[in-house]
Amino acid sequence: METSFFQRYWKLFFAGFAISFLGALPIGSLNLTASQIYGSSGLSKTIIFISTILLIEIMVVLGLLKASAALRAGKKYLPYVMPIAVLLLIYLSYSCFFTGDITIKQMDGSLTETLPLPLTSPFTLGVVLGISNPLQFPFWGGWNQWLYQRKILRKGNAWTMVYLFGIALGTLIGMAMFVYMAHRLQTYMERYDFMFTWLLGLFYLGLAIYMTQLFYKLYLKSFYKAHV
């Protein structure tokens, strides 16, 4: 008796879904930004932002699964991408701290007007924040290895597609739930709207500091030692 598609792949689909869903729920720069965009610009731009984040996440996971060639290509351009990402994150943090009246309801009149013109696009902002998240590499690299060892994930296009579909759906639902709950609670926390803005700024600043330290450790430290 042939094993059905569902019977063969359901564990892998559920694993990808659960990992990405639970990873999208804790407060972070991505889901906080999605909440800000929803409050200021509506559903359509929020969907564009989340879809961009999903696309980058899928590319990262796929690159890790394909490993060597994709990772070598990524490392080739990383020394040039990281400083640009750090500068953009610092600017985003500055925009959150010093625009004064950014709230979930009023972001369209403050943050979006103070950002450089390209970053007012939810797609561009999604790309910047997506590639500025180095934690996703060890996160998905570790989970991929664990799933391979447990024989839940296997080599093959069908296994990869099921896994990626589970990840995409989990991230989508997780971020959608976070945005929905943030705005359901808005009526109880309107007086603390400024806290969301400052929290988002702190996430951006913390990520910029982390990426600066990582850049120094990976590239500048060895360069400095070689020329001193």
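Residues numbered from 1 in each chain as written. Predicted model: local features only at pLDDT ≥ 70, side-chain atom pairs only at ≥ 80, totals over all residues. Heavy atoms only, no water.

> Can you walk me through the overall build of the protein in this structure?
For the protein, the count of helices and strands is ten helices and zero strands. Traced from its N-terminal end to its C-terminal end, the protein shows the element sequence α-α-α-α-α-α-α-α-α-α. Sorting the 228 residues of the protein into buried and exposed places 40% on the buried side. Long-range pairs, those at least 24 residues apart, make up 82% of the contacts in the protein with a sequence separation of at least 6. Accessible surface computed for the protein: about 13,500 Å², of which carbon and sulfur atoms make up 69%. (Helix = DSSP H or I, 4+ residues; strand = E, 2+ residues; numbered from the N terminus. Buried < 20%, exposed > 50% of the residue type's maximum accessible area, 1.4 Å probe, protein only. Contact = heavy atoms within 4.5 Å. Areas by Shrake-Rupley, 256 points an atom, 1.4 Å probe, with all protein chains shown as cover.)

> Whenever I open this one, the side chain of Thr 52 confuses me. Can you help?
On the secondary structure map, Thr 52 appears in helix α3 (residues 43-66). Classification of Thr 52 as buried rests on a relative accessible area of 4%.

> Can you help me understand a nonpolar patch on the surface in this one?
Together, Ile 27, Leu 199, Leu 202, Leu 205 and Ile 209 make up an exposed nonpolar region whose accessible area comes to about 410 Å². Within the secondary structure, Leu 205 is located in helix α10 (residues 193-226). (Patch = residues over 30% accessible without salt bridge, like charges linked within 9 Å, V, L, I, M, F, W, Y side chains within 5 Å. Salt bridge = Lys/Arg side-chain N within 4 Å of Asp/Glu carboxyl O.)

> How should unusual backbone geometry be read in this particular structure?
Trans is the common state for peptide bonds, and a negative phi is the common state for residues other than glycine. Although it is not a glycine, Lys 151 adopts a positive phi angle of roughly 60°. Looking at where Lys 151 falls in the secondary structure, it is placed in the loop between α7 (136-149) and α8 (157-184). By relative accessible area, which is 58% here, Lys 151 ends up exposed.

> How should the packing of helix α2 (residues 29-41) against α8 be read in this particular structure?
Helix packing for two helices is described by the angle between their axes and how far apart those axes are. Between α2 and α8, the least distance of the axes is 9 Å, while the angle of their chain directions is 55°. Here α2 is positioned oblique relative to α8, judged by the angle of their axes. Crossing handedness for the pair α2 and α8: right-handed. Of the residues in α8, those in contact with Leu 30, Asn 31, Leu 32, Ala 34, Ser 35, Tyr 38 and Gly 39 of α2 are Met 175, Phe 178, Val 179, Ala 182 and His 183. Split by residue class, the contact of α2 with α8 holds eight nonpolar, four polar and no charged. (Axes fitted to C-alpha atoms, helices over the stretch in contact; angles between N-to-C directions. Parallel < 35°, antiparallel > 145°, perpendicular 65-115°, else oblique. Left-handed = near helix turned anticlockwise from the far one by under 90°. Nonpolar A, V, L, I, M, F, W, Y, C, P; charged D, E, K, R; others polar.)

> What's the story with the layout of surface pockets in this structure? I'm lost.
Gaps between atoms show up when a probe of the same size as a water molecule is rolled over them. The volume enclosed by the second largest pocket comes to roughly 630 Å³. Forming the boundary of the second largest pocket are 24 residues, of which Gly 23, Ala 24, Leu 30, Asn 133 and Gln 136 lie nearest the centre. Listed by contribution, the elements that provide at least two residues to the lining of the second largest pocket are α1 (5-24), α2, α3, α6 (122-131), α7, α8 and α10. Partitioned by chemical class, the residues of the lining of the second largest pocket number 14 nonpolar, nine polar and one charged. (1 Å grid on protein atoms, 1.4 Å probe; cavity = no way out; pocket = protein on both sides within 12 Å on 5 of 7 lines; lining within 4 Å. Points joined across faces, edges and corners; volume = space filled by probe spheres on them.)

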